[in-house]
Amino acid sequence: MNSNTPPSTSVAAGSVDPSVARRNSKRPKYSRFTQQELPACKPILTPRWVISAFLLVSIVFIPIGVASLLASHDVVEIVDRYDTACIPDSARNDKVNYIQSPGNKTCTRNITVTKHMKKPIYVYYQLDNFYQNHRRYVKSRSDAQLRSNGSADDVSSCEPEDKSNGQPIVPCGLIAWSLFNDTYDFSRNGQQLSLNKKGISWKSDREHKFGKNVFPRNFQNGSLIGGGSLNDSLPLSEQEDLIVWMRTAALPTFRKLYGKIEDDLQVNDVVMVTLENRYNTYSFNGKKKLVLSTASWLGGKNDFLGIAYLTVGGLCFFLAMVFTVVYLVKPRKLGDPSYLSWNRNSGWH
Amino acid sequence: MDSNASIESESYRSFSSRRSISSHHSKLSASNSIGEATCAEMGSKKVRHGSRGGADSEGFNLSQKEISDEDARFVYINDPARTNERFEYARNSIRTAKYSVITFLPRNLFEQFHRVAYIYFLVIAILNQLPQLAVFGRGASIMPLAFVLLVTAVKDAYEDYRRHRSDRIENNRLALVLVDGEFRDKKWKDIEVGEIIRVRANETLPCDMVLLSTSDPTGVAYIQTINLDGESNLKTRYAKQETLSKILENMSSGLIKCEKPNRNIYGFHANMEVDGKRLSLGASNIILRGCELKNTAWAVGVAVYAGQETKVMLNSSGAPSKRSKLEKRMNVEIILLSFFLITLCSIVSVLAAIWLRRHRDKLDNIPYYRRKDYSETDVENYNYYGWGWEIFFTFLMSVIVFQIMIPISLYISMELVRVGQAFFMIRDGGMYDEASNSRFQCRALNINEDLGQIKYVFSDKTGTLTENKMEFRSASIWGVDYSGGNPDLQSEQVAHEVEVDGKILRPKMAVRADPELLRLARGGRESEQGKHVYDFFLALASCNTIVPFVVDTEDPSVKLVDYQGESPDEQALVYAAAAYGFMLIERTSGHIVVDVQGEKQRFNVLGLHEFESDRKRMSVILGFPDKSVKVFVKGADTTMFSVIDRTSNNNVLQATEGHLLSYSSMGLRTLVVGMRELSNSEFDKWYIAFEAASTALMGRAALLRKVASSIESNLCVIGASAIEDKLQLGVPEAIESLRMADIKVWVLTGDKQETAISIGYSSRLLTSRMNQIIINSNSKELCRKSLEDAIIKAKKLSGPNVSSNMEGSSGAVTIPVGLIIDGTSLVYILDSELEELLFQLASHCSVVLCCRVAPLQKAGIVALVKKRTSDMTLAIGDGANDVSMIQCADVGIGISGQEGRQAVMASDFAMGQFRFLVPLLLVHGHWNYQRMGYMILYNFYRNAVFVLILFWYVLYTCFTLTTAINEWSSVLYSVIYTSVPTIVVGILDKDLSKRTLSKHPQLYGAGHRQEVYNSKHFWLTMVDTIWQSAAAFFIPLLAYRKSTVDGPSIGDLWTLAAVILVNLHLAMDIVSWTWVTHAAIWGSIVATVICVIVIDAIPILPGYWAIFHAAGTWVFWLCLLAIIVAALVPRLVVKFFHQYYCPSDIQIAREAEKYGRLRDHGTVEIEMNPILEPPRR
């Protein structure tokens, strides 16, 4: 009723019950949150802080870089490209025809060990220019079918390798269809080197992704053979080469684990590899390589991380030095109000 | 444009009609008059009231331009069936709810898809459903859109449910409706146009109705319109004399022809035909839905507008939607990003085309392409439609993959951030107004950040800078100045009390009195001066339209007299008269009762000419107990001196003029009071003319005006009153802060020049070191000349650097220039080529004061500036006359003060006091701008980093848009992984504390200089983005070169790297870390890790268990560390160098805040909430 009367001049102001006024008040409740006064930490990039941070980075990075480089140098890696070498000179003009024609394509390669190799020695095959990450390729698989027997008909995503002769293919899809099928046998001084092909795939894949009761069916039965065939009596969970192959590589140059040699190799040992050269990479100029490699804590032979860490660490050290010099030569007092634009008489920056 | 103009003219009309309503003379119902029995019954002549003529005249003028039949609605009184026969008028049920159960889904979706962002989402999702283009799975592509739609729909549904509920309550209220000759209860929703409704005291009106009759014999009803326009004082409405007596009998003969429903709550035009007589109806004859009937036992009216067509419902539309400057600016960059997106997609499709071309012979058999499908007997192409189509599909697919390059989620984030910012602005205790018990209101939600870039403030004066609470300060009576009331001592306030019937009557407000004048007033009429004092205060007490109400207090023996009226000036004068012992205690149509020094006197009101804006004076003709008749006139000095008899008492006249000058130079509002004794013949002559004029059918208003000027002549000046319109608390400090923040303040006022200038000084708008330029011209040519001269002068004074160097203006030694211009000159300037000159001149001035401006000119001035500059304008005002200006400016602020809610309804933000402008602009505006500007840039960066990582990978996949990053991760990236921190930072981050910002208004310049968001920052950010994405992509690529790594593993690495990278990037830029910020940043990273783990735990996805294998190797962690350090180092270096060697003001202030070095460098301490400070006089 007298809401438009200022309390200070109203004689009736005293008669208003103050508790009523308080109850009706819309005054926002005070809290540090609503008043945006929460306790806050306000870090500022001071020279000391920045220089210390860069020094810290260099102190951490340079040792890591050195360790990585050492680890990489400890790895012994032997790479043998055999895709052209394993084709008889007479057939080299038409490699595709050679690889597609039937017949024995056994080929022997001798590899000289240059440095002592400790077991286990990992045997990889390396394919170049093979786009396992091509959209048409990665999509062409049926994870449901791989996992359980009941989903054998779940092949809709597998085109164009979904069915053969009207029957679903297990495992279907381009990936399985193009299974790598070169084989390697190793011997040293005429003595067979044992190759462990167990456990080359991920345990999680064997146990949960590839079914123990899913067996290959109708596989590589079509008119066009893409690669290796499978043993129909083994469940998919035990077809480790397939499991490895089905983990499609991220990049067009990739290695896949073929097996492990559980023997040390000495310097100047000559390892004889008997390989069946069956897999067709010739149609797209893909290279095939055989790789024997030991492993370090950092994996295979790759200097990149070591160099990267040394570079970044070195750069940070250099920056820390530059900052220090600049800071000493031309310091600025932090928070000096005389730098404020309205306290400066002329434009400074 | 058209609708805009009509709104402006409408508000102007409503403004002028308000003023005329304010002077309606009223009759008091018997129940409200007190002590009538004690008054000697005097033979009073039956008088017609000029005021009634005023009400009629409005209707009459309009009835001359006949409402055409097509534009009219016909209401047959008490015959709803016939009324609704031809046209079905809206029933009285209202519906604020938008949806019903059936229409909810389609309508809500339709409304949601009004946003471009959602349509973009939808198109992308639809594209993705085509089998040729299916990049993402169905679920993944639709999920984000569905999620957003669902959240919004649930919110809308809840709000609508609440509206349904309140509608139901409203519609089922009961009202008394005349059915078959008696009033019966009827639900509101069933009321029809044409029905007769009876409303009792304190009831709410169910619909808009024309008054037919009230409990008052003269047909007056009092209504409170607080629900409609927020004004709490009572308004008087009248029933027509002709309908008063025929409440029940014979009502159906009437026909009302009124205009179509419209939103103007201050206007109504109609004719009523009763018994063959034609009457015109105006705004004073209609009572509107939502109002309450007060002090009137009952009122009967006929419904003319019902339900949705009532004026209150037509007015309940939302605030106009505006786009913020930052958002407009942002759209330019969005277009740039679109080009960038198209470029990326073109690169991909061109490269894909080249690849297809080079491998065209081998495509059939390449194991990873396999164009031919051999499974059928006839070998066909599989999923290959020819080379042109493949390129086209590649292009569309890349658009789908790179879609988040256009940060659609940004629009949603911005809305959330603005809601959050509004929350904090509303909750700010520093912007709560104790006096009106009102919080800050955010009515528009899309222009929060504009508050940080305001360059021009246009302010109304009365009620905005001042309180619009008038206080009587000084009187000049018969040439003697009485200004002795010591303003600093509260104790001197006098509340004169009188005893009537054993009860003490006391005016509700005390007034500071001059002791000398008090003595004279109490001394009676014996002395010569005492006689003049008597006349003076009698004039103040009688010459007005104030209605006294007696209010009970807790003490039964004391009653308060509350003066209700629409003009605060008149209220102040009546309270002053009461304080000096001339207490108005009763007003009816025929007489007034004034308690003069404890002795009750009754005067017959023989006639009254209401206040009119072109006459600028009002007069009352009083019959004294001794049979003498006097006319009292009060009005503005300009119009009063023209009607004053200058032949006699010349020295009094001159003294009064001198006092007036000194009053107005003190910033007081002055009124001159004059009187004349009328001889019998004179009175009779006037009476006949008055009678004739007020019953005239044509041109009644003009006739009445003529009659008024005939009687208001040859007056003898008694004196002048001075009323102070007190400055609001903290206004001078606020204006000083705004000026220091390099905001140009323009004050637009209807006051006269001297008053305006003196208010200018007291509000520190003008200072003594400021050079004033005054433009006061009466023709266009003179205007041109004075403008040109002024520009030369201003240029000389303000120095050459104002126009050339905006930044330097703060530091340069220049003399500030204040421009004062009056409304007459503006008439010649606005809408002519002189506008340009005025703008040039104004841009050299730090302050502009426009006096005597009309409401529409206010909008014209705002438009003048807005047209010529890209700087942001803000208009602040409190009255209906400011509406046009508020709507015209980029940001409109309404003061929820004394003058109703029109301004608030039209505004984007509303608050209680002018001084809240300082925390609003300098603190919240600054924060909002900084936060929003940073957030937009960050969102561009955040999405671009991710898109570029995807893009780099595409180059290694035969350009086939494979993503190593899981499709769910790419969908969740902007929804879950990175959205919360940016919103939290957008709402909560504070670059500087409230204290620093309000202490150093210059820091506001950051917004003027667009320091946070500009093209330079955009391009720098984009370069940084390219580097960061390259670091994030190529470090793993090279580290995993020639390894057994599979796609999902390296994809998980890229996902985590991107998320950690963008979150740390944000963390680097956060200024103040509260627990909320910590939770948001680190929580997001943890949430991402959890999501990645969950996705990789689904066995039927190809990437099953990949994260566990990857995270089990050292390479993974070393890559992650290297990515983060290498990506962020350049940014850190640049940031550090910039902060250390080219520090911005904000940076320095931040350091100073931290190290406590911020001294007051020539700045004035501004107390933000000076509750304890005594009010400035």
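Predicted model, so just to flag it, every value in this text is computed and none were measured.

What follows deals with the environment of Gly623(B). Residue and element names in this part refer to chain B. Considering the arrangement of structural elements, one finds Gly 623 in strand β29 (residues 617-623). Judged by relative accessible area, Gly 623 falls into the buried class, the value being 8%. Aside from chain neighbours lying at most four places away, what touches Gly 623 is Phe 603, Asn 604, Leu 606 and Ser 628.

In this section: the packing of aromatic side chains. Considering all chains together, one arrives at 71 aromatic pairs over all chains under this definition. Note on Tyr184(A) and Tyr258(A): the rings are 4.7 Å apart at their centroids and 80° apart in plane angle, and the pair reads as edge-to-face. With Tyr184(A) in strand β6 (residues 183-188) and Tyr258(A) in strand β9 (residues 254-261), the pair connects residues that are 74 residues apart, well separated along the chain. Note on Tyr184(A): relative accessible area 2%, which makes it buried. You can call Tyr258(A) buried: its relative accessible area is 6%. Between the aromatic rings of Phe624(B) and Phe632(B), the centroid separation amounts to 6.3 Å while the plane-to-plane angle is 35°, which identifies the pairing as tilted. Both residues of the pair, Phe624(B) and Phe632(B), belong to the buried class. One Lys or Arg, Arg332(A), reaches over the ring of Tyr339(A) and ends 5.8 Å from the middle of that ring. For Arg332(A), the ring lying beneath its charged end belongs to Tyr1140(B), and the centroid distance is 5.4 Å.

Before going further, it helps to spend a moment on helix α6 (residues 138-171) of chain B. Residues and elements named next belong to chain B. For α6, with 34 residues, the first-to-last C-alpha span of 46 Å sits near the 50 Å given by 1.5 Å per residue. Of all the bends in α6, the greatest, near 30°, is centred on Pro 144. Every buried residue of α6 is accounted for by Ala 140, Ser 141, Pro 144, Leu 145, Val 148, Leu 149, Thr 152, Ala 153, Asp 156, Asp 160, Asp 167 and Asn 171. Against α4 (104-112), α5 (116-129), β3 (182-187), α12 (408-427) and α30 (967-977) lie the buried residues of α6.

With 131 residues of chain B at the contact, the number on the chain A side is 112 residues. Surface buried jointly by chain B and chain A totals about 10,600 Å² across both partners, of which 61% is contributed by carbon and sulfur atoms. The tally of links between chain B and chain A comes to 5 salt bridges. Among the salt bridges present, the one from Glu434(B) reaches Arg27(A), with a minimum N-O distance of 2.7 Å.

What follows covers the UniProt feature "domain: P-type ATPase N-terminal" (unreviewed entry) in chain B. UniProt feature "domain: P-type ATPase N-terminal" (unreviewed entry): in the numbering of this structure it lies at residues 75-141 of chain B. The distance separating the terminal C-alpha atoms of residues 75-141 of chain B is 58 Å; by composition the span is 51% helix and 3% strand.

It is worth spelling out helix α36 (residues 1075-1096) of chain B at this point. All names here are of chain B. Between its first and last C-alpha atoms α36 spans 31 Å; for 22 residues at 1.5 Å apiece the expected length is 32 Å, and the two agree. At Gly 1083, α36 shows its largest kink, close to 25°. Buried within α36 we find Val 1076, Thr 1077, Ala 1080, Ile 1081, Ser 1084, Ile 1085, Thr 1088, Cys 1091, Val 1092, Ile 1095 and Asp 1096. Residues of α36 that are buried make contact with α30, α31 (979-988), α35 (1047-1069) and α37 (1106-1111).

Residues and elements named next belong to chain A. Pairing in this open sheet of 4 strands is antiparallel, and the strands run β2-β10-β6-β7 from one edge to the other. Among the strands making up the open sheet, the edge pair consists of β2 (106-112) and β7 (191-192). Relative to β7, β6 runs antiparallel, the two sharing 2 bridges. Looking at the pairing, Arg 188 lines up with Gln 191 of β7.

Cut-offs used in this document
Residues numbered from 1 in each chain as written. Chains lettered and ligands numbered in written order. Predicted model: local features only at pLDDT ≥ 70, side-chain atom pairs only at ≥ 80, totals over all residues. Heavy atoms only, no water. Helix = DSSP H or I, 4+ residues; strand = E, 2+ residues; numbered from the N terminus. Buried < 20%, exposed > 50% of the residue type's maximum accessible area, 1.4 Å probe, protein only. Contact = heavy atoms within 4.5 Å. Phe/Tyr/Trp six-rings, centres within 6.5 Å; stacked < 30°, edge-to-face > 60°. Lys NZ or Arg CZ within 6 Å of the ring centre and 35° of its normal. Expected span 1.5 Å × (residues − 1). Bend = angle between axes of the 7 residues up to and from the residue. Buried area = accessible area lost by both parts, 1.4 Å probe. Salt bridge = Lys/Arg side-chain N within 4 Å of Asp/Glu carboxyl O. UniProt positions renumbered as here; feature names shortened; annotations may be inferred. Pairing = 2+ DSSP bridges.

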